[in-house]
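# Observations on chain architecture
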Amino acid sequence: MLTLNKQIDDCIKSGKKGSRHKGLRKIEPDMMLARAHLEKAQHNRDAMVFFYQSKKYSDWSASAAFYCVYHCCLAILAKYGYESRSQNCTFLIIENLILGGKLKNITLSELKEIKDPEESLESSDKIVDIRENIQYGVRISLQDKEFNDLLLRTNKLLDKFRLEIES
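Described in the following lines is the structure provided in the data block. (Residues numbered from 1 in each chain as written. Predicted model: local features only at pLDDT ≥ 70, side-chain atom pairs only at ≥ 80, totals over all residues. Heavy atoms only, no water.)

## Notes on the overall build of the chain
Convention followed: Counting from the N terminus, the helices are the DSSP runs of H or I reaching at least four residues and the strands are the DSSP runs of E reaching at least two. Radius of gyration means the value over C-alpha atoms here, while the globule rule gives 2.2 Å times the residue count to the 0.38 power. Note on exposure labels: buried denotes an accessible area under 20% of the residue type's maximum, exposed denotes more than 50%, and partly exposed covers the range between, all computed with a 1.4 Å probe on protein chains only. Contacts between residues were defined by any pair of non-hydrogen atoms, one from each residue, lying within 4.5 Å. The accessible surface values rely on the Shrake-Rupley method and a 1.4 Å probe; as for residues, cover is taken only from the protein chains in view. Only four residue types enter the tally: Lys and Arg on the positive side, Asp and Glu on the negative side, with His and both chain ends excluded. Charge positions are represented by NZ for Lys, CZ for Arg, CG for Asp and CD for Glu.
When its secondary structure is counted, the chain shows seven helices and two strands. N-terminal to C-terminal, the α/β element order of the chain is α-β-α-α-β-α-α-α-α. For the chain, the C-alpha radius of gyration of 16 Å lies close to 15 Å, the compact-globule estimate for 167 residues. Oriented by its inertia axes, the alpha-carbon framework of the chain measures out at about 45 × 35 × 30 Å. Looking at the chain as a whole, 47% of its 167 residues qualify as buried. Taking the contacts inside the chain whose residues are at least 6 apart along the sequence as the reference set, 61% of them involve residues at least 24 apart. Accessible surface for the chain amounts to roughly 9400 Å². Of this, 54% is attributable to carbon and sulfur atoms. Side chains of the chain give 27 positive and 24 negative charges; the mean places of these two sets differ by 5 Å.

Take a look at the structure:
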């Protein structure tokens, strides 16, 4: 298995290929971009509620929840001088920042809410698994309890990432 640093190096190499890269690029740390990603995260969080309240499209709430937290990750990358076009590469950098002690409010288990799909999607309540189960499955609605739990966890992560950006 590749080490975390080797995987990140591979992502950066992939980021050097062409104008439409599929990996990571080093950029100047950019707090304006980080805050813009947080605004997009909030937009996705609001969309999550909108889809659910519409009742006809509550299944889209799961994708909006995932992308809310994913944009939080992109905000962290911008703060630390990275641009990503790969979810896997994004998660590798976040993991590296957590392990390196640079992120104080986010834990590896919280990162796994959106990073590591479980083998059995049916039994997992992680954000990534709910999204994949609904996005690739045939369900077209979320139950009230399921949505409320998803919203609570999404809000908690959004707040924690916001703290990371502003600290």
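## Structural notes on the state of the cysteines
Our working rule: The definition used for a disulfide is geometric: two cysteine sulfur atoms within 2.5 Å.
Considering all chains together, one arrives at one disulfide under this definition. Across the disulfide from cysteine 11 sits cysteine 89; the S-S distance is 2.0 Å. Negative torsions about the S-S bond denote left-handed disulfides, and the value of about -90 degrees found for cysteine 11 with cysteine 89 makes this one left-handed. Taken together, the residues cysteine 11 in helix α1 (residues 4-15) and cysteine 89 in helix α4 (residues 87-99) connect sequence positions 78 residues apart. Residue cysteine 11 shares its accessibility class with cysteine 89, and that shared class is buried. In this structure cysteine 73 is a free cysteine whose sulfur lies 7.0 Å from that of cysteine 72, the closest cysteine sulfur available.

## Overview of unusual backbone geometry
Unusually for a residue other than glycine, lysine 55 sits at a positive phi of about 65 degrees. Take lysine 55: its relative accessible area is 53%, and that puts it in the exposed class.

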